[in-house]
Amino acid sequence: MIEVRTSKRVEIVDITDKVREIVEKHDVTDGITVIYTKHTTTAVIINENESGLKEDIINILEKLVPVNAGYMHDRIDNNADSHLRAILLGNSVVVPITNGRLDLGTWQRIMFVELDGPRTRKVVVKVIPC
Ligand code: ZN
């Protein structure tokens, strides 16, 4: 399990090194790792960790799912946009393990997406030989 402390309402946090640490503690030569966020207002994505691109991702989410656009769920806790953005991005990713290591592409990073922060969040990492 990885604990992620976020400091903004919407924030993208690179968790690749923490996932790698967990994977390398397991004695798995070939398999998969599942990275899964346990929250309804967060997501996990794989993409490039480049500051401009991270801003672009946040901006496109704001355009696609604006805050307080008349959502039903806002009547309950005023964070419908966070849930809807989380649905668009997805709450888990799978990465192959090859020769005991995360088999990511050159520019690929595993990134946690906070959509209703700042909060402390939990991300489950499972390592499965296969
Ligand atoms: Zn809610």
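Above this note sits the structure.
Keep in mind that this is a model prediction, so the values were computed, not measured.

**Student:** For the pairing of strand 8 (residues 120–129), give the residues involved together with the corresponding values.
**Tutor:** Pairing between strand 1 (residues 2–5) and strand 8: 4 bridges, direction antiparallel. Each bridged residue has a counterpart across the sheet, and for Ile 2 the counterpart in strand 8 is Val 123. Bridge count between strand 3 (residues 31–37) and strand 8: 7 bridges; the pairing is antiparallel. Bridge pairing in strand 8 places Tyr 36 opposite Val 124.

**Student:** Could you give me a rundown of the sheet that holds strand 5 (residues 92–98), with the residues and numbers involved?
**Tutor:** Pairing in this open sheet of 5 strands is antiparallel, and the strands run 1-8-3-5-6 from one edge to the other. The outermost strands of the open sheet, each flanked by one partner alone, are strand 1 and strand 6 (101–102).

**Student:** Before we move on, can you summarise the coordination of the zinc ion with the specific residues and values?
**Tutor:** Surrounding the zinc ion are the protein donor atoms His 73 (NE2), Asp 77 (OD), Asp 77 (OD), Asn 79 (OD1) and His 83 (NE2), which sit 2.0 to 2.6 Å from the metal. One chain supplies every donor to the zinc ion, and in sequence these donors are spaced H-x3-D-x1-N-x3-H. Take Asp 77: its relative accessible area is 41%, and that puts it in the partly exposed class.

How each quantity is defined
Residues numbered from 1 in each chain as written. Predicted model: local features only at pLDDT ≥ 70, side-chain atom pairs only at ≥ 80, totals over all residues. Heavy atoms only, no water. Pairing = 2+ DSSP bridges. Helix = DSSP H or I, 4+ residues; strand = E, 2+ residues; numbered from the N terminus. Donors = N, O, S within 2.8 Å, 3.2 Å for Na, K, Ca; no water. Buried < 20%, exposed > 50% of the residue type's maximum accessible area, 1.4 Å probe, protein only.

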